[in-house]
Amino acid sequence: MSSNVENLVKKSKQGDTAAFGDLYEIYSKDMYRFAFYYTGSQALAEDCVSEAVLIAFRKIGELKNVSSFKSWLFRILRNCCAASFRKTSREILAERDDSTVHSFDGESNEKISLKNALMRLSEDEREVIILHYCIGYTSREISLMLTMNENTVRSKIMRGTEKLKRELVSDYE
């Protein structure tokens, strides 16, 4: 974590709303990308990011280790996404004829296929795949965030990647 980010976290912990806004600017794109791939829905992703940011803003004073801010923030986001996904997944799937994620902003068929394949993974596999490949966390960082053994994380990444490959190949056969 850069010293600039650590300074922003320290200021945020002291109630500096502008510093927290700067932190949001730093992480917002990754947060949205994670939430979108996790939930498969643009609207749910936006809601989850908003909810996570509000929770983080309210609870930043409770953050013990300043250098853990990013993993703490994404853990909050993950919990928001999981709760939202569980709550609304039945409704979303009921609205779709084929349980697929549809395009937005002119996305390519490949991106749509990837999102659909991600949605067919188990929740824990989808989490580690998104955190690793979409956000760029290492298996060690993911293990700390999800309070999971690092070897288990690597195993889930490997299994999830293999499942994604099979799903994507079957989409194009």
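Computed from a prediction, not measured in an experiment: that's the story for all the values here.

(A) The environment of L23, seen in detail. By the secondary structure assignment, L23 is in helix α2 (residues 17-39). Given the relative accessible area of 1%, L23 is considered buried. If we ignore the near neighbours within four places in the chain, the residues touching L23 are V5, L8, V9, S12 and F69.

(B) Molecular detail of the environment of K70. Relative to the assigned elements, K70 resides in helix α4 (residues 69-95). With a relative accessible area of 25%, K70 lands in the partly exposed category. Spatially, the C-alpha atoms of K70 and V5 are 9.5 Å apart, while their sequence positions differ by 65 residues.

(C) Just the pattern of salt bridges, in detail. One pass over the structure, following the stated rule, counts seven salt bridges. As a salt-bridge pair, R78 and E127 come within 2.8 Å of each other at their nearest N and O atoms. Here R78 is found in helix α4, whereas its partner E127 is found in helix α6 (residues 123-135), with 49 residues between them in sequence. A relative accessible area of 2% means that E127 is categorised as buried. Ionic pairing is found between E167 and R120, a salt bridge with its closest N-O pair at 2.5 Å. One end of the pair, E167, is in helix α8 (residues 150-171); the other, R120, is in the loop between α5 (109-119) and α6, and 47 residues separate them in sequence. On the basis of relative accessible area, R120 is assigned to the partly exposed category, the value being 38%.

(D) Spatial organisation of the packing of α2 against helix α3 (residues 42-59). It is at 9 Å that the axes of α2 and α3 come closest, and there the two elements cross at 145°. Read as a crossing pair, α2 and α3 show a hand that is right-handed. Of the residues in α3, those touching α2 at T17, F20, Y24, M31, Y32, A35, F36 and T39 are Q42, L44, A45, E46, C48, V49, A52, V53, A56 and F57. Looking at side-chain class alone, the contact of α2 with α3 contains 14 nonpolar, three polar and one charged residues.

(E) Local environment of the nonpolar core. Counting 50 residues, the largest nonpolar core has M31, F34, F69, F74 and L77 as its most contacted members. Looking at this core, the elements with two or more residues in it are α1 (3-13), α2, α3, α4, α5, α6, α7 (139-145) and α8. Not counting residues within four places of it along the chain, the set of residues in contact with L77 comprises M31, F34, A35, C48, V49 and A52.

About the cut-offs
Residues numbered from 1 in each chain as written. Predicted model: local features only at pLDDT ≥ 70, side-chain atom pairs only at ≥ 80, totals over all residues. Heavy atoms only, no water. Helix = DSSP H or I, 4+ residues; strand = E, 2+ residues; numbered from the N terminus. Buried < 20%, exposed > 50% of the residue type's maximum accessible area, 1.4 Å probe, protein only. Contact = heavy atoms within 4.5 Å. Salt bridge = Lys/Arg side-chain N within 4 Å of Asp/Glu carboxyl O. Axes fitted to C-alpha atoms, helices over the stretch in contact; angles between N-to-C directions. Left-handed = near helix turned anticlockwise from the far one by under 90°. Nonpolar A, V, L, I, M, F, W, Y, C, P; charged D, E, K, R; others polar. Core = buried A, V, L, I, M, F, W, Y, C linked by side-chain atoms within 4.5 Å.

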